[in-house]
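Chains, contacts and geometry: an overview
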Amino acid sequence: MRRMTGIKTRNRLRKLLGDVGFDLIAAALASLAGLSAGSVTAASAALSVAASNDECLACHSQPNMVLSLGEEQILLTMNSGAFAESVHGKEQIACTDCHTDINEFPHPEYAKSGLREFSFALYEVTQAACQGCHAEQAANAMSGVHQQTLEAGNHNAAMCADCHNPHYSESTAGREEVPDVCARCHSEIAATYKESVHGAALIEEGNPDVPNCISCHGNHNIDDPRTVTFRNNIPLLCARCHTDAGIMDKYGVSTNVLDTYVADYHGATVTLFEQASPELPTNKPVCIDCHGTHNISKTDNPETGIALKENLLGKCPRCHPDATANFPDAWMSHYDASPEKFPLVYYVNLFYKFFIPAVIGGMLVFVITDIIRCAINRGKGAAH
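Anyway, here's the lowdown on the structure attached to this text. (Residues numbered from 1 in each chain as written. Predicted model: local features only at pLDDT ≥ 70, side-chain atom pairs only at ≥ 80, totals over all residues. Heavy atoms only, no water.)

Remarks on the nonpolar core
Inside soluble globular proteins, nonpolar side chains tend to come together where they are buried. Short version of the rule: In this text, buried Ala, Val, Leu, Ile, Met, Phe, Trp, Tyr and Cys residues form a nonpolar core when linked through side-chain atoms within 4.5 Å. Summary of the burial criterion: residues with accessible area below 20% of their type's maximum are buried, those above 50% are exposed, and those between are partly exposed, where the area comes from a 1.4 Å probe applied to protein chains only. Should any heavy atoms of two residues lie within 4.5 Å, those residues are counted as being in contact.
Counting 6 residues, the largest nonpolar core is built from Phe230, Ile234, Leu237, Tyr261, Val270 and Val286. When residues no more than four places from it in sequence are discounted, the contact partners of Val270 are Asn232, Pro235, Tyr261, Thr282, Lys284, Pro285 and Val286.

Details of the packing of aromatic side chains
As a reminder of what qualifies: Aromatic rings from Phe, Tyr and Trp, with only the six-membered ring used for Trp, were paired whenever their centres fell within 6.5 Å, and each pair was classed as stacked if the ring planes differed by under 30 degrees, edge-to-face if by over 60, and tilted otherwise.
Within the structure shown, the criterion is met by 6 aromatic pairs. Consider the rings of Tyr110 and Phe118, whose centres lie 5.6 Å apart with planes at 75°: the pair is edge-to-face. Under the relative-accessibility criterion, Tyr110 is labelled buried at 15%. Residues Phe351 and Tyr352 carry aromatic rings whose centres are separated by 5.3 Å and whose planes lie at 75° to one another, so their mutual orientation is edge-to-face. The partly exposed category is assigned to Phe351, whose relative accessible area is 47%. Here Tyr352 falls in the partly exposed class, since its relative accessible area comes to 41%. Taken together, Phe351, Tyr352 and Phe355 form an aromatic cluster joined through their ring pairs.

Observations regarding the pattern of salt bridges
Two side chains that carry opposite charge are able to pair once their charged atoms sit near each other. Applied cut-off: One speaks of a salt bridge when a side-chain nitrogen belonging to Lys or Arg is within 4 Å of a carboxyl oxygen belonging to Asp or Glu. In this text, helices come from DSSP runs of H or I with a minimum length of four residues, and strands from runs of E with a minimum of two, each type numbered from the N-terminal end.
Considering all chains together, one arrives at 6 salt bridges under this definition. Note that Asp209 is salt-bridged to Lys250, the shortest N-O span being 3.1 Å. Taken as a pair, Asp209 in the loop between helix H13 (197-205) and helix H14 (213-217) and Lys250 in the loop between helix H17 (245-248) and helix H18 (257-263) lie far apart in primary sequence, 41 residues in all. Notably, a salt bridge pairs Lys309 with Asp329, separated by 3.3 Å at the nearest N-O pair. With Lys309 in helix H21 (residues 309-313) and Asp329 in the loop between H21 and helix H22 (343-383), the pair connects residues that are 20 residues apart, well separated along the chain. On the basis of relative accessibility, which here comes to 35%, the residue Lys309 falls in the partly exposed class.

Some remarks on the pairing of strand E2 (residues 72-75)
Rule in force here: We call two strands paired when DSSP finds no fewer than two bridges between them.
In the sheet, strand E1 (residues 66-69) pairs with E2 via 4 bridges, with the strands oriented antiparallel. Residue Ser68 lies in a different strand from E2, and its bridge partner there is Gln73. In textbook terms, the turn of a hairpin is the stretch between consecutive antiparallel strands, and for E1 and E2 this stretch comprises 2 residues, one of which, Gly70, has a positive phi near 65°.

Digging into empty space enclosed by the protein
Our working definition: With a 1 Å grid spanning the protein atoms alone, the term cavity applies to any set of points in which a 1.4 Å probe fits but cannot get out, the term pocket to an open set with protein on both sides within 12 Å along at least five of seven lines, and the term lining residue to any residue with an atom within 4 Å of a point. Grid points are joined across faces, edges and corners, and a volume is the space filled by probe spheres set on the points. Just so you know the grouping, Ala, Val, Leu, Ile, Met, Phe, Trp, Tyr, Cys and Pro go in nonpolar, Asp, Glu, Lys and Arg go in charged, and all remaining residues, Gly too, go in polar.
Under the counting rule described, the total for this entry stands at 1 cavity of 30 Å³ or more. Size it by volume and the largest cavity reaches roughly 30 Å³. Surrounding the largest cavity, Gln127, Cys130, Gln131, Ala138, Ala141, Met142 and Cys160 form its lining. When grouped by side-chain class, the residues that make up the lining of the largest cavity number 5 nonpolar, 2 polar and no charged.

Let's talk about the state of the cysteines
Covalent bonding between the sulfur atoms of two cysteines defines a disulfide. Selection rule: Sulfur atoms of two cysteines make up a disulfide when they are within 2.5 Å.
Per the stated rule, a full pass over the model turns up 0 disulfides. Free cysteine Cys241: the closest other cysteine sulfur is in Cys216, separated by 7.3 Å. No disulfide involves Cys290; its nearest neighbouring cysteine sulfur is the one of Cys316, lying 6.9 Å away.

Structure (structure tokens):
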């Protein structure tokens with residue numbers, strides 16, 4: 001935050017004084033730094049004599065400025081107008097605020113074995129600048145799977161500039177734009193998502209109720225979805241939306257899905273693992289095992305919807321290889337039994353709701369009256 005304040009202060013002064021006046025004052029302060037090591041040093045740091053953006057753009061606005069990186073190339077030409085309209089341009093962030101190692105020409109050499117190695121070398125230099133202004137987001141990213149992958153030596157993982165173009169980003173991407181950002185690396189998954197019930201509603205309708213990539217995976221603090229902990233937590237992840245009556249009531253979808261899942265054998269086991277041993281795997285199904293992950297469809301879809309018995313039957317043998325055609329009939333599809341849905345189960349449950357209290361109540365009456373009768377008989381015996 002201090003760094004951001006210093007950058008803004010310096011840029012305001014440069015704008016007020018002009019480049020020449022700014023540099024003269026900065027030079028004067030720098031010369032005074034030898035006489036006073038206190039506030040003058042801090043002021044001269046704020047008024048650094050780093051090259052202005054105009055100096056950088058004198059070269060980098062030239063068309064077709066290309067750097068060869070082995071068999072790949074990177075375009076170094078900058079669109080000065082687009083940068084001026086970007087969020088960094090409007091904040092008057094100087095090029096050298098991020099490219100802190102560039103203070104002379106020729107510039108420092110970066111890795112040239114390929115585009116990703118070049119990008120990673122640049123990322124290592126500019127990372128501190130991102131952290132200086134975006135401390136919370138950077139701290140979250142440090143614990144995310146992308147950063148962990150980078151630290152493990154795989155430089156194909158996403159870095160800040162892969163998602164947030166530092167030169168042209170106008171603001172945070174809209175909800176419907178997020179899949180396209182993720183598609184830069186995860187193209188097949190993004191394409192599958194766009195065909196799903198969630199993706200189609202987001203892309204085609206702009207529906208604000210459906211999840212996009214970051215709704216499930218997070219944005220900067222992205223967890224590794226391959227871990228046991230992530231899998232065990234999936235029912236609670238889906239429940240964020242599917243237990244929200246404000247969302248589900250609009251589409252006639254039951255909000256009781258989590259309770260009915262937890263009440264059955266599958267859900268009870270998964271919940272136990274999630275609460276007691278989140279790092280231990282379980283072979284019991286979670287939401288994605290039946291509904292899919294990125295390819296989730298409507299349950300009544302004639303080709304893939306699991307509300308149809310023949311489609312559900314294709315899922316069960318994954319865990320139950322001996323499942324017969326009648327096997328799916330044992331599952332009530334997250335419904336509570338009612339006269340309309342599963343009436344046999346409903347009336348059996350209703351019978352036992354009366355039968356069990358009647359039996360237990362009758363036994364209690366019998367025991368209590370027997371105790372009273374015994375007490376009366378003892379009293380009569382004592383009297384004789």
